[in-house]
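For reference, the chains in residue letters:
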Amino acid sequence: MTAKSAAAAARATVYGYPRQGRNRELKKAVEGYWKGRVTADALRSTGAELRRSNWRQLADAGIHEVPTGDFSYYDHVLDTTVMVGAIPPRHRSAVDADALDGYFAMARGTQDVAPLEMTKWFDSNYHYLVPELGPDTVFTADSSQQVTEFEEALALSLTARPVLVGPVTYLLLAKPAPGVAADFEPLTLLDRLLPVYAEVLADLRAAGAEWVQLDEPALVQDRTPAELNAAERAYRDLGALTDRPKLLVASYFDQLGDALPVLAKAPVEGLALDFTESAAANLDALAAVGGLPGKRLVAGVVNGRNIWINDLRKSLSTLGTLLGLADRVDVAASSSLLHVPLDAAAERDIEPQILRWLAFARQKTAEVAVLAKGISQGTDSITAELAANRADLASRATSPLTRDPAVRARSEAVTDSDARRSRPYPARAAAQRAHLGLPLLPTTTIGSFPQTTELRTARADLRAGRIDVQGYEARIKNEIREVISFQEKTGIDVLVHGEPERNDMVQYFAEQLTGYLATQHGWVQSYGTRYVRPPVLAGDISRPEPMTVRWTTYAQSLTGRPVKGMLTGPVTMLAWSFVRDDQPLAETARQVALALRDEVNDLETAGTSVIQVDEPALRETLPLRAGDRAAYLAWATEAFRLTTAGVRPDTQIHTHMCYAEFGDIVQAIDDLDADVISLEAARSHMQVARELAAHGYPREAGPGVYDIHSPRVPSSDEAADLLRTGLKAIPAERLWVNPDCGLKTRGWPETRASLANLVAAARTVRGELTAS
C-alpha cells in the first residue's frame, strides 16, 4: 500500500476512556452497593449505561473504532484475573458464592480474608490489584465480561475493538502467592496461560470481533533475553491460531526498545506504539527495523496522560513520516484516557483563554479525530482547526502566568549546601531523642483522619455561602480537638491534627501556591472508587503566605505530646498534578521545593518539632527504563533535601511512601536523609523492611502494620506479629509503629478499633523487648 492509500485509510481510535461518568456515577453506585443501598442489578445497569454513554461520546467525536473491555467496577487487572480464573484460594469460596461480592472481596478484603496487594500501574498514579500466582495455579477461561461488553457496543451499531491486558504483561505484573517461594517467576506459567487467552480470543471472534487489542506495556521496560523470548513465543503461538480475530499488540508510556523487533516480526496484524515526547525514539527504531510492511500501525501521537493541547502540526509531521512505514496508519492517544479527566468544558472557574490550553478526554478524542481527518483528507480539510490550535499554543507560550523572574532567580541561586542538613544523622538522632523523649517503638499515624460527611458538607457550605469563614473554622477547630483527644486517650505518641481542612494532599497546597490551577470537575481514578482532582501546574511556583502553620500550631496548643506538621513533598506535588511540559521537570521540582522550604522553616519557628514531608510518588515517577533513572533520582532527592535541610538538628524530619515497589529505590530513600520514613508493608508482609535491612538503611523506619485500603480491622495479635517480623530486619530503637497510609478514606468506627489494636500491639511487643 502506498503512503497515499495508507493516509486515505486512516481511522481514529483510543485504547480506553474514563470510567466514572460525568458526575462520578460509577463511584456512587459501587459505594452504594457496598453499603447495601444499591442492588447488584442496579449496579450493573449503571455500568451498562456508562459504557453506552462513553461509546456514544467517542462515536460523536469522530472515533471510528471504540474500545470495549476497558470499563471496570474496580480495576482492569483484577478483571483479567477473573478472565483467566486465577482466583486466590482464600477468595474462592466468596467468588463461588457470589461472583460480584467475591470480586470486591479480592479488591478490598473482608474482616476474615485479606485482599490482593495493590501497587502502581507502571509510572502512573493508577493502582492495580497484583495477581497472586504459584506453580499450582490453574488457569480457566471466563470471557463472559469481555464478550458481553463487546456485544453491547455492537448493539449500538458501532465498530468495536475489545481490549485485554496481554499475557506477558499480566504475568510480569504478578507476584508469587503467599506461601510460594519468593524466587518463583510467574512468567514460567506462560505456556499454561496461552491456551486460556486462545479460548477468550476464539469467544470474541465468535461474537463478531474483527480486531482484539492485547496491551503489553511491560515490554517498554528493560527486559531480559528470557523475557523477550517469552514475548516472541507468546505472539508466535497466538498468531498461529486459526480461530482468532486480528491481533493488535499495544505498548505505551515509553519506547519499546529491544521488544520492538520482536513484535514487528511476530505473526500479528498490527502494533500500537507511543510517539509522544517520552517515547519519540520509537519513530527511528521503527524505521530501523524496516517498518511494519503488511501490518496496521496505530500511532499514539496525542498525549494520553497530560492535559495540554496537542501541537497538531507537529503530530501531523510525525504521522506523515509514519505513513511510509506501515500498510495502514491509524491515529490514537498514546495510552488509555483513563489517566485524564473527562471534559474540560465542564470547568467554569478557569479563565476562558487558559481553558483553551487544556485538553481532557473529550478534547483529546476530538484532536485524534482531527488528525485522522488531516492525514486522510489533507491539511486543507482542517485549516480552521490548525489556525485555532496555533493561536492557543502561542497564547500559552507568551502568557505571564508561565514565568516569574523572582522565582527563577531564586532557583538559580541554589547551592549544594542548601540541600544538606547541618549535622549528620547520628548527631541529629541523639538531639531528637533528648528533645522528644519518645518510648521504644513509638506510635504515630501517617497524617489524615477520616474525612466525614460533616467535613465535606462544611467545605461545600463554605463554597456555597451557606456558612461564613468563622462558622467553617469553628467546625474545623472542633474536629481537630476531637482528633487530638482521641489520639491522647488511645495512647499514640506522636500526634497529627487530622487534616480536616484539606480536600486532597496535593490540591490543598496547590490552591495556595501561585502557578497552579485547580479544577472543579477534573476527577481521575486513582484506585477503585477513589478519585482525585489533580491540579494543573501551569506556571512558576511560589508561596505567598504560610499554608499549614495556623492549624498545626492550634493542634499543638491542645496537647503536651508532639504534633507533626504535615506537608506534601515536591516530587509528589508534581506527580499528582498535571505538570507543565514546557520546561524540565527538575526545574519545576526545585521551584516547588523552595516554596515548601519556606513552609517547613515557618513550622519550626512556630514550635513544631516533628515535620513530615510525604513523598509517596517518588517510586511511582521513576522512569521505566534504568538508563533514565539516575538523572531523575538526582533531582528528585535534591528537591526533597532542599525542602527539609533548613531545620535545626533536633527537629525530626519524617517522610512517607506507599503502594509501590521500593526495592529498586532504597538508595534513593537513603539519599533523602530523612530521620524517619514510614512505608506501606502490611499487604506485602513486611517486604520493605527486609529490603531496607539488605541495603543497610541507617535511619528510623515505620513499615506499616495496618492496611488502610481495606475495611477490615486488624487484630492486635496480627499487628504484633507484623511488628515482630519487622524487628527481624530493623532494630527496636529505630522501628516505629504506624498504619500503611493516611486514614482519610476510612470510617471512624474501624479507625478507632484499628488504632487501639495498633497501640496495644506496640505495648505488647515493647513489653516483650523489655522483659528480654
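Residues numbered from 1 in each chain as written. Predicted model: local features only at pLDDT ≥ 70, side-chain atom pairs only at ≥ 80, totals over all residues. Heavy atoms only, no water.

Outline the packing of helix α17 (residues 405–412) against helix α24 (residues 585–605), supporting the account with residue identities and numerical values.
Across the interface, α17 lies against α24 with an axial gap of 10 Å and an inter-helix angle of 90 degrees. Taken together, the axes of α17 and α24 lie roughly perpendicular to each other. On α24, the residues that touch Val407, Arg408, Arg410 and Ser411 of α17 are Glu587, Arg590, Gln591, Leu594 and Asp598. A class-by-class count of the residues in the contact of α17 with α24 yields two nonpolar, two polar and five charged. (Axes fitted to C-alpha atoms, helices over the stretch in contact; angles between N-to-C directions. Helix = DSSP H or I, 4+ residues; strand = E, 2+ residues; numbered from the N terminus. Parallel < 35°, antiparallel > 145°, perpendicular 65-115°, else oblique. Contact = heavy atoms within 4.5 Å. Nonpolar A, V, L, I, M, F, W, Y, C, P; charged D, E, K, R; others polar.)

Provide a residue-level description of the side chain of Glu750, including the pertinent values.
Among the structural elements, Glu750 can be located in helix α29 (residues 748–771). Owing to a relative accessible area of 17%, Glu750 belongs among the buried residues under this scheme. Within the local environment of Glu750, its side chain forms a polar contact with the backbone nitrogen of Gly747, the two atoms lying 3.5 Å apart. Apart from the residues within four sequence positions on either side, Glu750 is in contact with Tyr706, Ser710, Pro711 and Val713. (Buried < 20%, exposed > 50% of the residue type's maximum accessible area, 1.4 Å probe, protein only. Polar contact = N/O pair within 3.5 Å; in protein donor to acceptor, adjacent residues only side chain to side chain.)

Which residues make up the nonpolar core, and what are the values?
For soluble globular proteins, the rule of thumb is that nonpolar side chains tend to be buried together. Tyr170 and Leu322 are the most contacted members of the largest nonpolar core, which has 121 residues in total. Apart from residues lying up to four places away in sequence, Leu322 is in contact with Phe275, Leu283, Leu286, Leu297, Ala299 and Val329. By size, the runner-up hydrophobic cluster in this structure holds 99 residues, among which are Ile467, Phe486, Val705 and Leu735. (Core = buried A, V, L, I, M, F, W, Y, C linked by side-chain atoms within 4.5 Å.)

Kindly report on the packing of helix α13 (residues 312–322) against helix α15 (residues 361–377), identifying the contributing residues and their values.
Contact geometry for α13 and α15: axes closest at 10 Å, N-to-C directions at 50 degrees. The pairing of α13 with α15 is recorded here as oblique in orientation. Here α13 and α15 pass one another in a crossing that is right-handed. Across the interface between the two elements, Leu312, Ser315, Leu316 and Leu319 of α13 pack against Glu367, Val370, Leu371, Gly374 and Ile375 of α15. Partitioned by chemical class, the residues of the contact of α13 with α15 number six nonpolar, two polar and one charged. (Left-handed = near helix turned anticlockwise from the far one by under 90°.)

Describe the sheet that holds strand β20 (residues 700–703), and please don't skip the residues or the numbers.
Read from one edge of the open sheet, five strands run β16-β17-β18-β19-β20, paired in parallel fashion. Of all the strands in the sheet, just β16 (564–568) and β20 have a single pairing partner and so form its edges. Geometrically, the sheet is characterised by an average inter-axis angle of 20 degrees between neighbouring strands, direction not taken into account. With three bridges joining them, strand β17 (residues 610–614) and strand β18 (residues 652–657) adopt parallel strand pairing. Within the sheet, the bridge partner assigned to Ile611 lies in β18 and is Ile653. (Pairing = 2+ DSSP bridges.)

So, the environment of Ala366: which residues are in play, and what are the values?
Along the chain, Ala366 turns up in helix α15. Given the relative accessible area of 34%, Ala366 is considered partly exposed.

Help me get a handle on the environment of Gly627, residues and values and all.
In this fold, Gly627 is placed in the loop between β17 and α25 (629–644). Along the chain, Gly627 and Asp650 lie 23 residues apart, while their C-alpha atoms are 38 Å from each other.

Can you tell me about the pattern of salt bridges, naming the residues and giving the values?
All told, the structure shown has 53 salt bridges when counted by the stated rule. With a shortest N-O distance of 3.4 Å, Asp96 and Arg92 are connected by a salt bridge. Of the two residues, Asp96 and Arg92 are both situated in helix α5 (residues 89–97); the distance of four residues between them amounts to about one turn of the helix. Classification of Asp96 as exposed rests on a relative accessible area of 55%. According to the relative accessible area criterion, Arg92 is partly exposed, its value standing at 31%. Arg466 is paired through a salt bridge with Asp461; the nearest N and O atoms lie 2.7 Å apart. Using a relative accessible area of 55% as the deciding quantity, one classes Arg466 as exposed. (Salt bridge = Lys/Arg side-chain N within 4 Å of Asp/Glu carboxyl O.)

So what's going on with unusual backbone geometry? Residues and values would help.
The bulk of non-glycine residues show a negative phi, and the bulk of peptide bonds are trans. With a phi close to 60 degrees, Glu499 is a non-glycine residue in the positive phi region. As for its position among the elements, Glu499 is in the loop between α20 (469–490) and α21 (507–510). Overall, the relative accessible area of 10% leaves Glu499 in the buried class. Even without being glycine, Asp673 reaches a positive phi, approximately 60 degrees.

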